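Fold and contact review
Spelled out, the chains give:
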Amino acid sequence: QVQLVESGGGSVQGGGSLRLSCVASGTIFSINAMGWYRQAPGKQRRELVARITSGGSTNYADSVKGRFTISRDNAKNTVYLQMNSLKPEDTAVYYCNADVKDLYYIAYDYWGQGTQVTVSS
């Protein structure tokens, strides 16, 4: 079993910054891609914010390009999301996601519990 624990959410004024962290722990052989998704108030679907592979390749939602930066520390099984120039429309619950291989090389998709980010105008 694998657990993802997020931290770093909170409330900030527009133009401010926050840094989210997500640590994976448990029975892990390797972690492929890690990413951040968000679900805005009133929306039913989670949308991809940013994703990073084990090799460091990244992709971002168009709405956050140039403002957010995803990174990871493979030795610590941790992924980060640096969010700058935050806008009220970034308000959402942010979820960490990881594609983890167990000791039998079987891949499973895991989610964190979510962390609230609120940006005021």
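For clarity, every value in this text was computed on a predicted model and none was experimentally measured.

Conventions we followed
Residues numbered from 1 in each chain as written. Predicted model: local features only at pLDDT ≥ 70, side-chain atom pairs only at ≥ 80, totals over all residues. Heavy atoms only, no water. Helix = DSSP H or I, 4+ residues; strand = E, 2+ residues; numbered from the N terminus. Rg over C-alpha atoms; globule rule 2.2 N^0.38 Å. Contact = heavy atoms within 4.5 Å. Areas by Shrake-Rupley, 256 points an atom, 1.4 Å probe, with all protein chains shown as cover. Lys, Arg positive; Asp, Glu negative; His and termini not counted. Charge placed at Lys NZ, Arg CZ, Asp CG, Glu CD. Disulfide = S-S within 2.5 Å. Buried < 20%, exposed > 50% of the residue type's maximum accessible area, 1.4 Å probe, protein only.

1. Some words on the overall build of the protein
- Assigned secondary structure in the protein consists of 0 helices and 11 strands.
- The order of helices and strands in the protein, counted from the N terminus, is β-β-β-β-β-β-β-β-β-β-β.
- Its C-alpha atoms give the protein a radius of gyration of 14 Å, near enough to 14 Å, the size a compact globule of 121 residues would have.
- With the C-alpha coordinates aligned to their principal axes, the bounding extent of the protein is approximately 50 × 25 × 20 Å.
- Considering only intrachain contacts with a sequence separation of at least 6, the fraction spanning at least 24 residues in the protein is 55%.
- Split by element, the accessible area of the protein, about 6400 Å² in all, is 47% carbon and sulfur.
- Of the side-chain charges in the protein, 12 are positive and 9 negative, and the distance between the mean point of each set is 3 Å.

2. Looking at the state of the cysteines
- Taken as a whole, this structure holds 1 disulfide when the rule is applied.
- Note on cysteine connectivity: Cys22 is disulfide-linked to Cys96, with sulfurs 2.1 Å apart. Looking along the S-S bond of the Cys22-Cys96 disulfide, the torsion reads about -85 degrees, which is the left-handed sense. You can see Cys22 sitting in strand β3 (residues 18-26) and its partner Cys96 sitting in strand β9 (residues 92-101), a full 74 residues away along the chain.
- Residue Cys22 is classed as buried on the basis of its relative accessible area, which comes to 0%.
- Since its relative accessible area comes to 0%, Cys96 is described here as buried.

Fair warning: the whole summary comes from geometry, so function is off the table for now.
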